[in-house]
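Architecture at a glance
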Amino acid sequence: MTPVYLDYAATTPVRDEVLEAMEPFANQRFGNPSSMHRWGRAARAALDEARATVADAIGARPSEIVFVRGGTESDNLAVVGGFDALAEKGPATVAVSAIEHSAVLEPALRIEGTGRGRTTVLGVTPDGVLDLDRLHTSAATAPTLASVMWANNETGIMLPVAEAASIVHEHGGLLHSDACQALGKVPVDVREVPVDLLSVTGHKIHGPKGAGFLFIRAGRSVRPHLFGGSQELSIRPGTEDVAGAVGLATAVKLAVDEVATHSAHLSELHDRLEAQLLDRVPGVRVNGAEARRAPHVSSIGVPEIDDGSALLMALDLEGVAVSGGSACHSGSGKASHVISALFGAEDRFATIRFSFGRGTTVQEIDHAVDVTSTVLNRVRGATAGVAR
Amino acid sequence: MSRVLVAMSGGVDSSLAAALLVEEGHDVVGVTMKTFCYSDTPAHGKTCCGLDGIMDARRVADTLGIPHFVFDVEEDFTRDVIDDFVAEYARGRTPNPCVRCNSNTKFRDLLERGRALDCDRIATGHYVRIAHEPDGSHLLRGHDANKDQSYFLWGLPREMLGTLLFPLGELTKDQVRERARALTLATADKPESQEICFVPTGDYRDLLVKRLGTVHPALEAGPLVRLDGTVVGEHGGYAGFTVGQRKGLGGGFPEPMFVIEIRPERREVVIGTHDELFADRVHIGELNWHTDEPTVGSPVSVQLRYRAPIVAARVADRGGELVLDLVEPRAAITPGQSAVVFDGDRVLGGGRIVRAESGATV
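Residues numbered from 1 in each chain as written. Chains lettered and ligands numbered in written order. Predicted model: local features only at pLDDT ≥ 70, side-chain atom pairs only at ≥ 80, totals over all residues. Heavy atoms only, no water.

With that out of the way, let us pick up the pattern of salt bridges. Residues and elements named next belong to chain A. Tallied over the entire structure, the rule returns 55 salt bridges over all chains. One salt bridge connects Arg236 with Glu73, and the closest N-O pair in it is separated by 2.5 Å. In this pair, Arg236 sits in the loop between β8 (212–216) and α7 (242–257) while Glu73 sits in helix α3 (residues 71–87), placing the two residues 163 residues apart along the sequence. A single burial state applies to Arg236 and to Glu73, both of which are buried. (Salt bridge = Lys/Arg side-chain N within 4 Å of Asp/Glu carboxyl O. Helix = DSSP H or I, 4+ residues; strand = E, 2+ residues; numbered from the N terminus. Buried < 20%, exposed > 50% of the residue type's maximum accessible area, 1.4 Å probe, protein only.)

Each side of the interface is counted separately: chain A has 18 residues, and chain B has 20 residues. Summed over both sides, the interface of chain A with chain B buries roughly 1,500 Å², with 51% coming from carbon and sulfur. Counting across the interface, chain A meets chain B through 2 salt bridges. B:Arg3 is paired through a salt bridge with A:Glu318; the nearest N and O atoms lie 3.0 Å apart. Summed over the shared surface of chain A and chain B, the number is 2 residue pairs in polar contact (both at pLDDT 80 or more). If you list the elements that add at least two residues to the side of chain A that touches chain B, you get α9 (308–317) and α11 (362–382) of chain A. Ranked by residues supplied to the side of chain A that touches chain B, first place goes to α9(A) with 6 residues. Each residue belonging to the side of chain A that touches chain B can be placed in one class, and the counts come to 7 nonpolar, 5 polar and 6 charged. (Contact = heavy atoms within 4.5 Å. Buried area = accessible area lost by both parts, 1.4 Å probe. Polar contact = N/O pair within 3.5 Å; in protein donor to acceptor, adjacent residues only side chain to side chain. Nonpolar A, V, L, I, M, F, W, Y, C, P; charged D, E, K, R; others polar.)

Residues and elements named next belong to chain B. Closest axis-to-axis distance for the helix α3 (residues 74–90)/helix α4 (residues 97–116) pair is 9 Å, and the angle between their directions is 170°. When the axis of α3 is compared with that of α4, the two are roughly antiparallel. Pair α3 / α4 crosses with right-handed handedness. Of α4, the residues touching α3 (which contributes Asp76, Phe77, Asp80, Val81, Asp84 and Phe85) are Pro97, Arg100, Cys101, Asn104, Thr105 and Asp109. Its residues placed into classes, the contact of α3 with α4 shows 5 nonpolar, 2 polar and 5 charged. (Axes fitted to C-alpha atoms, helices over the stretch in contact; angles between N-to-C directions. Parallel < 35°, antiparallel > 145°, perpendicular 65-115°, else oblique. Left-handed = near helix turned anticlockwise from the far one by under 90°.)

For the rest of this paragraph, the subject is unusual backbone geometry. Residues and elements named next belong to chain A. Unlike most non-glycine residues, His206 shows phi in positive territory, near 65°. One can find His206 in the loop between β7 (197–201) and β8. Located in the positive-phi region is Glu232, a residue other than glycine, with phi close to 50°. Given a relative accessible area of 7%, Glu232 falls into the buried group.

Residues and elements named next belong to chain B. Of all 6 residues in strand β6 (residues 136–141), 5 are buried; the element is thus mostly enclosed. By the bridge criterion, 6 bridges tie strand β5 (residues 128–133) to β6 in an arrangement that is antiparallel. When the bridges of β6 are listed, Glu133 appears paired with Gly136. (Pairing = 2+ DSSP bridges.)

Before going further, it helps to examine the packing of helix α1 (residues 12–23) of chain B against helix α5 (residues 173–182) of chain B. Residue and element names in this part refer to chain B. Contact geometry for α1 and α5: axes closest at 10 Å, N-to-C directions at 65°. When the axes of α1 and α5 are compared, the crossing they make is left-handed. Taking contact as the criterion, the partners of Val12, Asp13, Leu16, Leu20 and Glu23 in α1 are, on α5, Lys173, Val176, Arg177, Arg179 and Ala180.

On to the sheet that holds strand β8 (residues 222–225) of chain B, then. Each strand in a sheet pairs with another by means of backbone hydrogen bonds, the pair being arranged parallel or else antiparallel. Residues and elements named next belong to chain B. If you walk across this open sheet you meet the 4 strands as β9-β8-β11-β10, and the pairing is mixed. Lying at the two open borders of the sheet, with one neighbouring strand each, are β9 (231–235) and β10 (258–263). Sheet twist, expressed as the mean angle between neighbouring strand axes with direction ignored, is 30°. With 4 bridges connecting them, β8 and β9 associate as antiparallel partners.

By size, the foremost hydrophobic cluster in this structure holds 90 residues, and its most contacted members are A:Leu311, A:Phe354, B:Leu5, B:Phe71, B:Leu117, B:Leu164 and B:Phe198. Counting residues per element, this core draws most heavily on α11(A), at 8 residues. Those residues in contact with B:Phe71 that sit more than four places away from it in its chain are A:Met313, B:Leu5, B:Val31, B:Thr32, B:Met33, B:Lys34, B:Leu110, B:Arg113 and B:Leu117. (Core = buried A, V, L, I, M, F, W, Y, C linked by side-chain atoms within 4.5 Å.)

The quantities given are spatial measurements derived from coordinates; they are silent on function.
Next comes the structure, spelled out in structure tokens:
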């Protein structure tokens, strides 16, 4: 069988429709959107259109969308820029869930590390219960910039974003949600959920890499951390990546339009994989089985493995492309911060993240299960003793 | 054909080793071992397994069309190699971390992880040969006498020898470069690495200070003495010295002086004349054998330092330590370095030098 890609949570191929939409902006409509002449206007028109498309897809207004260069930049801007805006008015704090992406955790910890404000890390149980009491405590001390992700990238676990928002709002804080893994898999609408800031990146939804946006609700402030021209409301200066924005907008629109059928497809794959693995491999666990989860990820806990990275390499050599915690951390063989936060320190427990996408078939799932059970038995025997 | 795991440091040798295995039709998987945290080291790139090493290895693997992985062995490496390196200097000895790494870390990890990847053979770019015979596998000196690296491999567990491949064993360094160029490998003209991989500054004392602090006895001033105990000067910390060293001893002596012994318990660095540097009896510990051990009285050959000539010897005693009497005295036999026992070209085993003495003193 040809190699099977089951790592769609890491990244996805660009859809044909997206590529087509982007192409003219590489050459014919190459103008700088800030230029007042016709070349500039042609580019500006496309950028405006892209902004309106994105806004429409998530229930926002165009003026609430800032294009940035991907998910990490969007998360960083939200956390640091949102905190900066709060801190201008007086003492402020930060609160983040323990399973946030490192693009949220790291800037949050840096705010505390540089002595600018306390950062509270909120526990999450394997059932997806967020420690809202601690959030309440943090929010009551001083206005809080809180970041609570919509769906977790390693497990698919969905957090109670709306509840968190109402707690934060009681005390004049801001709620950010990283929806990079949620959009296109579950409904994401800022009219339904009162987030102040929301991050999305293109490449998880068959859009281009390096293109993302930050939703900033009207009336909320975010301070920039790049300085230069007045592009993107001066919040994100630098000549706009028009092709990227157009590609992102096309991908966002398609993802949102297709969310119902796509998530049904994903759920089928995800149920099938989990049922088969639980049935065929003794001792495995579905991480977050009881939690509300986005349907494109199955995080499988595997006991009696000393070195998770060897398992991933072995799966790769047998033609099954998956990751451990998240692709950003693969290779260390250690439990990711997400798995550790959910389950505590566990010896000899590895994690395999299978994630599914538009192209994934039932046959691929069945094949992946076969390969996984074979490889698991081999790796268990071989690496006993690696972690001496 | 079987699947082979090849350790690629990012140098030309292991690059060509991988290429030769691919040419032979093996299913080859390349790996680079990440041995320490690069963000802590300001000057990477000078040594084989640094960050540039990983990138170079990956580029070569891509050229060859083979998968490449990074094995994170930082924890094991720190414990088994770096900690030992520091402890040995603190004990007044001169460690050989490459031997330690090969014996304790690199090959064991390769074998264990290799098994997980269904690789039944392990290969490296060492200049040694291995003969897989019905009576067992024999590690042999490399064909290129200038490059022979058998000195570093005596510590390989005997039971592992059967799984090893050394594709460069019959080649000279020049031939390796030539073939690497012919294959347009990115590393074909990469300079030789000389430094210890985890000492990128080139001065191991920086690492000792970082690990031990400046107030450690090994790094504090102590007396320079002659063999008879006469104090003739002061040194800045015995960890900065190795047996046979001439530099850093100050002047004013009628003839050239050398470090002949380090006595850590008294912080003494003993210096003496060239004649006093010689010894003909060697005590060797932490032994490992690739064959049955040579018995007391049997003649052997021994190499006491990398690139040093092989010396004829006789097994004088085998208690807790192996004691060898050298047929002729050798200079600067250094505690902490390896003593590798040969039968002709074949490595029988070896150990770490504990001390050397002159037979006359026995």
